[in-house]
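Residue strings, one per chain:
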Amino acid sequence: MDIVKLTIDDKTLVVEKGTTLLEAAKTIGINIPSLCYMKLEDLNFENKPGGCRVCVVEVEGRRNLAPACKTVCEEGMKVQTHTVRVVNARRTVMELILSDHPAECLTCAKSGECDLQTVAQKLGIREIHYQGEQSHYKGDKSPAIIRDMDKCIMCRRCETVCNEVQTVGVLSAINRGFEAVVAPAFEMDLDHSTCTYCGQCVAVCPTGALTERDYTWKVIEALVDPTKTVVVQTAPAVRAALGESFGMEPGTLVTGKMVTALRKLGFDYVFDTDFAADLTIMEEGAEILDRLSKHLSGDKEVKLPILTSCCPGWVSFLEHNFADMKDVPSTAKSPQQMFGAIAKSYLAKKLGVKREDMVVVSVMPCLAKKYECTREEFSVNGDPDVNMSISTRELAQLIRNANIDFKQLTDEEFDNPMGESTGASVIFGTTGGVIEAAVRTAYELYTKKELKKVDFEELRGMDGIRQATVDFDGLPINIGIAHGLGNARKLLEDIKAGKSTFHAIEIMACPGGCIGGGGQPYHHGNVDILKKRQKALYREDAGKALRKSHENPFIIKLYDEFLGAPLSNLSHELLHTHYFDRKKKIEI
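Residues numbered from 1 in each chain as written. Predicted model: local features only at pLDDT ≥ 70, side-chain atom pairs only at ≥ 80, totals over all residues. Heavy atoms only, no water.

Which parts of the structure should I look at to understand the overall build of the chain?
Counting its regular elements, the chain contains 18 helices and 22 strands. The C-alpha atoms of the chain give a radius of gyration of 25 Å, which matches the 25 Å a tight globule of 588 residues would have. With respect to the principal axes defined by its C-alpha atoms, the chain has extents near 75 × 60 × 60 Å. Residues classed as buried in the chain amount to 59% of the 588 residues present. Counted over contacts in the chain with a minimum sequence separation of 6, partners at least 24 positions apart contribute 74%. Taken as a whole, the chain presents about 24700 Å² of accessible surface, with 49% of it coming from carbon and sulfur. Taking the 72 positively charged and 82 negatively charged side chains of the chain as two groups, their mean positions are separated by 3 Å. (Helix = DSSP H or I, 4+ residues; strand = E, 2+ residues; numbered from the N terminus. Rg over C-alpha atoms; globule rule 2.2 N^0.38 Å. Buried < 20%, exposed > 50% of the residue type's maximum accessible area, 1.4 Å probe, protein only. Contact = heavy atoms within 4.5 Å. Areas by Shrake-Rupley, 256 points an atom, 1.4 Å probe, with all protein chains shown as cover. Lys, Arg positive; Asp, Glu negative; His and termini not counted. Charge placed at Lys NZ, Arg CZ, Asp CG, Glu CD.)

Written out as structure tokens, the structure reads:
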């Protein structure tokens with residue numbers, strides 16, 4: 001390994017050749033402010049256009065100040081990060097940026113989480129000496145994401161994550177000079193583009209230019225409506241991240257406190273999406289075994305590998321980019337939509353509530369879920385199975401608005417019958433978790449033998465593309481896993497080219513899976529937060545008395561009383577779906 005020796009703020013250090021000054025300074029505890037720069041280790045995301053110039057430093061022997069995010073360390077280099085000249089330059093740059101930025105901090109959805117606001121505070125900006133015309137752009141409000149480009153600072157983070165990590169290609173820099181902005185082609189709205197609503201652009205945006213569509217007030221309106229029965233479901237990844245919004249350590253499990261808070265907010269029933277995740281495994285696992293059995297018996301028409309279908313961002317990506325493969329994924333709905341369908345049929349009947357008088361709210365780590373519950377196929381006579389979806393961040397805001405002291409809450413249990421779950425359902429929230437849960441059930445259903453070791457370590461990790469072979473009592477099952485849509489694209493292209501040897505593939509749109517969803521508390525570029533959330537879910541799984549979906553007693557009861565069996569006619573009607581060709585065609 002080639003190394004270089006240099007001095008930063010009179011501290012001598014040795015770093016690997018190719019290291020930037022920004023990275024080197026971090027290793028010795030020196031914080032250099034930055035705006036456009038962001039790097040997520042292990043997730044192949046790095047944005048360093050060097051455009052904002054907030055990270056400039058003074059390098060001995062150089063006439064101009066150097067951007068620390070772009071300048072590579074050299075042997076013998078002497079660097080000063082906080083001289084009067086450097087601080088003055090940073091303050092001037094910040095004042096120029098702020099001079100073309102709306103002064104709406106008090107009402108901005110990103111207030112308190114805004115990197116621009118944070119850097120301005122650290123630099124002590126109290127007045128802006130540069131006044132003049134401000135740029136204005138048309139607003140864009142989709143079912144999941146709101147774009148307010150008046151607040152865009154052209155950091156290009158969203159562009160990088162959309163194009164290089166997710167390979168969706170919706171966002172790019174358009175126009176020049178004062179009119180330059182990041183937007184879809186032809187400045188079309190997101191809901192007219194190929195956007196998947198994965199929300200990763202929102203997760204990395206340093207300002208309020210990209211935020212989620214807020215449905216909290218609609219939730220409040222439902223809660224105070226005496227004619228409505230309001231039920232809530234909470235996704236597995238939410239419990240591993242919600243505590244961060246209240247100052248708790250990342251990876252702290254707050255399941256019981258979350259249930260208590262939801263009851264205090266006024267929900268009539270507090271249920272767990274994990275119940276529906278167990279249900280998903282019953283349907284998806286049965287579908288995997290059905291296709292596999294046909295394949296082994298010589299059926300040349302069966303579609304393998306089967307692809308998981310729990311992630312609406314990934315499903316949208318398939319429909320827009322690989323519509324000719326829409327018969328390859330499992331037809332099983334996502335846990336969110338399965339929950340809604342069962343709640344407004346089985347549960348509503350048990351409670352004696354009319355379907356239209358039940359409001360189902362989901363709390364999700366994902367912004368694509370907001371779009372998913374608006375899809376027409378997930379409604380009956382115009383009444384959605386899931387009425388609205390809010391993010392983890394939105395739930396935190398509801399709790400704060402109600403003046404609930406979250407940290408002091410006691411732990412309570414979910415309501416039944418749709419609150420019981422197994423460890424298999426909990427790990428749906430991380431990359432590799434869905435397929436591991438499926439394998440636990442599919443193994444026992446196929447072999448008729450007990451699976452004694454339920455932890456499939458070979459399916460875990462954070463590598464973007466992973467593969468493993470699981471032994472089904474002498475039958476090798478080849479598993480593929482991808483998180484991040486750019487990695488999904490690689491596996492899908494292999495399938496199209498006839499190169500894939502997998503029997504089943506799990507795909508999640510967001511890096512890390514749902515733990516890194518676009519609706520989770522902001523990570524601000526710290527990938528260790530995602531790793532801690534992941535470990536938390538595996539801890540909850542390990543602590544569960546039941547760890548296989550088919551052992552959930554309330555799932556067994558649901559089939560006995562209502563559905564009949566996995567893949568039955570009623571199961572197909574309520575729990576399965578179909579996909580559409582959404583390729584955009586431009587006619588000239």
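Back to the write-up after that little detour.
Got a minute to help me understand the sheet that holds strand E9 (residues 145-147) in this structure?
Sheet strands pair by backbone hydrogen bonding; their relative direction is either parallel or antiparallel. Across the sheet, which stays open at both edges, the three strands sit in the order E8-E9-E12 with antiparallel pairing between neighbours. With one partner strand each, in any of the chains shown, strand E8 (140-141) and strand E12 (210-212) form the two edges of the open sheet. Of the pairings in the sheet, the one linking E9 to E12 comprises three bridges and is antiparallel in character. Paired with Arg147 across the two strands is Leu210, which belongs to E12. (Pairing = 2+ DSSP bridges.)

When you look at a nonpolar patch on the surface in this model, what are you seeing that I'm missing?
A cluster of nonpolar side chains, namely Met1, Ile3 and Val14, defines an oily patch on the protein surface of about 360 Å² accessible area. In this structure, Met1 sits in the segment before strand E1 (3-8). (Patch = residues over 30% accessible without salt bridge, like charges linked within 9 Å, V, L, I, M, F, W, Y side chains within 5 Å. Salt bridge = Lys/Arg side-chain N within 4 Å of Asp/Glu carboxyl O.)

Explain the environment of Leu296 here, please?
Structurally, Leu296 is set in helix H8 (residues 273-296). A sequence separation of 160 residues divides Leu296 from Phe456, and the C-alpha atoms of the two residues are 24 Å apart. For Leu296, the residues in contact, after removing those within four places along its chain, are Tyr446 and Leu475.

How do you make sense of the nonpolar core when you look at a structure like this?
Side chains of nonpolar character tend, in soluble globular proteins, to be buried together. Among the nonpolar cores identified, the biggest contains 48 residues, and Ile145, Tyr197, Leu210, Trp314 and Leu492 are the most heavily contacted of them. Contributing elements (two or more residues each) for this core: helix H4 (157-165), strand E11 (181-183), helix H5 (200-204), helix H9 (312-321), helix H11 (368-372), helix H15 (485-496) and strand E22 (504-508). Considering every element that reaches this core, the biggest residue donor is H15, with five residues. Counting residues in each nonpolar core, the second largest holds 32 residues, with Val219, Val230, Leu242 and Val259 among its members. (Core = buried A, V, L, I, M, F, W, Y, C linked by side-chain atoms within 4.5 Å.)

How do you make sense of the packing of H9 against H15 when you look at a structure like this?
The axes of two packed helices give the description: the angle between them and the distance between them. Where H9 contacts H15, the two axes come as close as 11 Å, and the packing angle between them is 50°. By the angle between their directions, the pair H9 and H15 is classed as oblique. Two packed elements cross with a definite hand, and for H9 against H15 that hand is right-handed. Residues Gly313, Trp314, Phe317 and Asn321 of H9 pack against Leu485, Arg489 and Leu492 of H15. A breakdown of the residues in the contact of H9 with H15 according to their chemical character gives four nonpolar, two polar and one charged. (Axes fitted to C-alpha atoms, helices over the stretch in contact; angles between N-to-C directions. Parallel < 35°, antiparallel > 145°, perpendicular 65-115°, else oblique. Left-handed = near helix turned anticlockwise from the far one by under 90°. Nonpolar A, V, L, I, M, F, W, Y, C, P; charged D, E, K, R; others polar.)

Quick question: what am I supposed to make of the sheet that holds strand E7 (residues 78-80) here?
Ordered by their spatial adjacency, five strands build an open sheet running E2-E1-E7-E5-E6, and the pairing between neighbours is mixed. Edge positions in the sheet fall to strand E2 (11-16) and strand E6 (66-67), since each has one partner strand and no second. Bridge count between strand E5 (residues 56-59) and E7: two bridges; the pairing is antiparallel. Among the inter-strand pairings, Val59 is bridged to a residue of E7, identified as Val79. Running over the sheet, helix H2 (residues 84-99) touches E5 and E7 and is turned about 155° from E5.

Could you clarify how one ought to interpret the environment of Glu212 in this entry?
Note on placement: Glu212 falls in strand E12. Discounting chain neighbours no more than four positions away, the residues touching Glu212 are Ala144, Ile145, Ile146, Val202, Leu367, Lys370, Ser391, Arg393, Glu394 and Tyr522. Here the side chain of Glu212 touches Arg393 through a polar contact of 2.9 Å, side chain to side chain. (Polar contact = N/O pair within 3.5 Å; in protein donor to acceptor, adjacent residues only side chain to side chain.)

Where do I start with the packing of aromatic side chains in this structure?
Tallied over the full model, the rule gives eight aromatic pairs. Both rings, one in Tyr269 and one in Phe271, keep their centres 5.9 Å apart while their planes meet at 5°; by these two values the pair is stacked. By relative accessible area, Tyr269 is classed as partly exposed at 28%. For the ring pair Phe271 and Phe339, a centre distance of 6.0 Å and an interplane angle of 55° mean the geometry is tilted. Here Phe271 is found in strand E14 (residues 269-272), whereas its partner Phe339 is found in helix H10 (residues 335-351), with 68 residues between them in sequence. For the pair formed by Phe271 and Phe339, the shared burial category is buried. (Phe/Tyr/Trp six-rings, centres within 6.5 Å; stacked < 30°, edge-to-face > 60°.)

Which parts of the structure should I look at to understand the pairing of E14?
Side chains on a regular strand alternate between the two faces of the sheet. Pairing of strand E13 (residues 229-234) with E14, which is carried by four bridges, proceeds in the parallel orientation. Bridge pairing links Val231 to Tyr269 in E14. Taken together, E13, helix H7 (residues 255-265) and E14 form a β-α-β motif whose crossover is right-handed. (Right-handed = clockwise from strand over helix to strand, strands pointing away.)

Is there a simple way to think about empty space enclosed by the protein in this case?
Empty space among the atoms becomes visible once a probe the size of a water molecule is rolled across them. Scanning all chains against the criterion turns up ten cavities of 30 Å³ or more. Counted as a void, the largest cavity has a volume near 260 Å³. Along its surface, the largest cavity is lined by 22 residues, and Cys310, Cys311, Lys369, Phe428 and Cys514 are the ones closest to its centre. Of all the secondary-structure elements, those providing two or more residues to the lining of the largest cavity are H8 and H10. When its residues are assigned to classes, the lining of the largest cavity shows 17 nonpolar, four polar and one charged. Volume-wise, the second largest cavity comes out at about 120 Å³. Along the wall of the second largest cavity there are 17 residues; nearest its centre are Cys162, Leu171, Cys195, Cys198 and Cys201. Of all the secondary-structure elements, those providing two or more residues to the lining of the second largest cavity are E9, H4 and H5. Split into classes, the residues belonging to the lining of the second largest cavity amount to twelve nonpolar, four polar and one charged. (1 Å grid on protein atoms, 1.4 Å probe; cavity = no way out; pocket = protein on both sides within 12 Å on 5 of 7 lines; lining within 4 Å. Points joined across faces, edges and corners; volume = space filled by probe spheres on them.)

Got a minute to help me understand the environment of Gly433 in this structure?
Positionally, Gly433 belongs in helix H14 (residues 433-447). Aside from chain neighbours lying at most four places away, what touches Gly433 is Ile427, Phe428 and Glu506.

Just checking my understanding: could you explain the side chain of Arg466 for this structure?
Within the fold, Arg466 resides in strand E20 (residues 465-472). Buried within the structure, Arg466 lacks any salt-bridge partner; its nearest side chain of opposite charge belongs to Glu506, at an N-O separation of 5.5 Å. Of note is the side chain of Arg466, whose polar atom sits 3.1 Å from the backbone oxygen of Leu459. Leave out the neighbours within four places in its chain, and Arg466 touches Thr431, Gly432, Leu459, Arg460, Gly461, Ile479, Gly480, Ile481 and His483.

Any functional reading would require information that these geometric values do not contain.
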